[in-house]
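Remarks on the overall topology
Here are the chains, one letter per residue:
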Amino acid sequence: MATRNNFKLAVSLGDPAGIGPETVLKAFHVLSRPVRNGLTVFGNVKYFEWLDRRLKTGVKIIAPGSKGDGLRVEDAVRFDFSPRDFGLHDKRFGEASITSVRLATEAVLKHEYDALITPPINKESVNMAGHKVPGHTEYLAALCGGVPVAMMLACPELAVVVATTHVALREVPFKLTPEKIAALLRLINGSIHKLTRKKPRIAVCGLNPHASDGGIFGDEEARIIAPAIGSARREGIKVSGPFPADTMFTRKARRNYDVALAMYHDQGLIPVKTLGFGRTVNITLGLPFLRVSVDHGTAFDIAGKGRADAAPMAYAINTAIGALRGRF
């Protein structure tokens, strides 16, 4: 059983051609010693040793189970790498990154670790390797037997769940049903209660401008969203809406709820990233374990140049520790 000072976190590799591994190395120095020594990266030892030398991060790479202060790296995946590979879409790196996610997840499911931290992967490279997955959220759900999940982006000022994730905007209205939204409200309510021991107040966005303005701009609010809200209320869930998205994220409005449910990706992610970019984490609700990720991508344009900011990775790791201690 983990105590306050020895939580064990499994960290996936991320795309080795991106900034994920660099941020893990750099975050090592800004994390407390108990936290950093509870990390294990499912990566490649030679790659991390080489990257440490290249970036001059001064991080000692040690094996899992070793004593002492150092970044523990499980030699889990194999790939060749050279400086010219930074920023490349490559099936080798797609295979390595997705295999690392799978192995780290399996270890967490076996209760060898308390939570999963995921640096960014590159979907194009993953697809080149033959893995047709939209992203981490969907892949993790599949690894856990197809459990219903939701993506929550959270910063100190705002937490947002999105009803649809990586789909074209034109498909969004056809992905929404009263049953799906009601199920999401149950999932949010149960997951946040598990994290905080409190029932959250949930505010729901409309789909259309001005939440359709009484049906002038569409009928999804009256036909789909409002019935789902009514169903959730009858179950005792604290939920309100649908509200116009252009006013729902103001400082005054945010005082009235704990979590927002947006209807599509950018509707929810634009305000949360605007308010807290670098201090925003992605938490997958519905998994049988805690998964936390950074709020940025692989940043191929600066990969290998030593310019990646470690603060988002450190924030994600510390957020996971806080949540495990019941302080989300």
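These lines cover the structure that appears in this document, whether it is placed above or below. For clarity, every value in this text was computed on a predicted model and none was experimentally measured.

1. Here we look at the pattern of salt bridges
Under the criterion given, the structure shown has 10 salt bridges. Among the salt bridges present, the one from Asp 90 reaches Arg 92, with a minimum N-O distance of 3.0 Å. Here Asp 90 falls in the buried class, since its relative accessible area comes to 15%. Here Glu 235 and Arg 186 are joined by a salt bridge, their closest N and O atoms 2.9 Å apart. Of this pair, Glu 235 sits in the loop between helix H9 (220-234) and strand S9 (238-243) while Arg 186 sits in helix H8 (residues 178-196), and the two are 49 residues apart along the sequence. Take Glu 235: its relative accessible area is 42%, and that puts it in the partly exposed class. A single salt-bridge network, built from bridges that share partners, covers Asp 85, Asp 90 and Arg 92.

2. Considering the nonpolar core
In this structure, Phe 48, Leu 71, Val 161, Leu 261 and Met 263 are the most contacted members of the largest nonpolar core, which totals 77 residues. Broken down by element, the residue count for this core peaks at eight residues, all from H8. Not counting residues up to four positions away in its chain, the partners in contact with Leu 261 are Val 161, Val 162, Ala 163, Ile 181, Leu 184, Leu 185, Ile 188, Ala 203, Val 204 and Cys 205. Judged by nonpolar contacts, the second largest core, of 17 residues, contains Leu 116, Ile 121, Val 126 and Leu 287.

3. With respect to the packing of aromatic side chains
All told, the structure shown has 10 aromatic pairs when counted by the stated rule. With a centroid separation of 5.2 Å and an interplanar angle of 80°, the aromatic rings of Tyr 47 and Phe 81 are classed as edge-to-face. Highlighted residues: Tyr 47 in helix H3 (residues 45-55) and Phe 81 in the loop between strand S4 (71-75) and helix H4 (91-109), separated in sequence by 34 residues. Given a relative accessible area of 4%, Tyr 47 falls into the buried group. Within the aromatic cluster, the residues linked to one another by ring pairs are Tyr 47, Phe 48, Trp 50, Phe 79, Phe 81, Phe 86 and Phe 93. The ring of Tyr 113 carries the charged tip of Lys 8 above its face, separated from the ring centre by 5.1 Å.

4. Notes on helix H1 (residues 20-27)
With seven of its eight residues buried, H1 lies for the most part within the structure. On its buried side, H1 packs onto strand S1 (9-12), strand S2 (39-43), H3, strand S3 (61-62), S4 and helix H13 (311-324).

5. Structural notes on the pairing of S4
Pairing of S2 with S4, which is carried by four bridges, proceeds in the parallel orientation. Counterpart to Gly 43 in the pairing with S4 is Asp 75. As paired elements, S3 and S4 share two bridges and run parallel to each other. Among the inter-strand pairings, Ile 61 is bridged to a residue of S4, identified as Leu 71.

Calculation rules
- Residues numbered from 1 in each chain as written.
- Predicted model: local features only at pLDDT ≥ 70, side-chain atom pairs only at ≥ 80, totals over all residues.
- Heavy atoms only, no water.
- Salt bridge = Lys/Arg side-chain N within 4 Å of Asp/Glu carboxyl O.
- Buried < 20%, exposed > 50% of the residue type's maximum accessible area, 1.4 Å probe, protein only.
- Helix = DSSP H or I, 4+ residues; strand = E, 2+ residues; numbered from the N terminus.
- Core = buried A, V, L, I, M, F, W, Y, C linked by side-chain atoms within 4.5 Å.
- Contact = heavy atoms within 4.5 Å.
- Phe/Tyr/Trp six-rings, centres within 6.5 Å; stacked < 30°, edge-to-face > 60°.
- Lys NZ or Arg CZ within 6 Å of the ring centre and 35° of its normal.
- Pairing = 2+ DSSP bridges.

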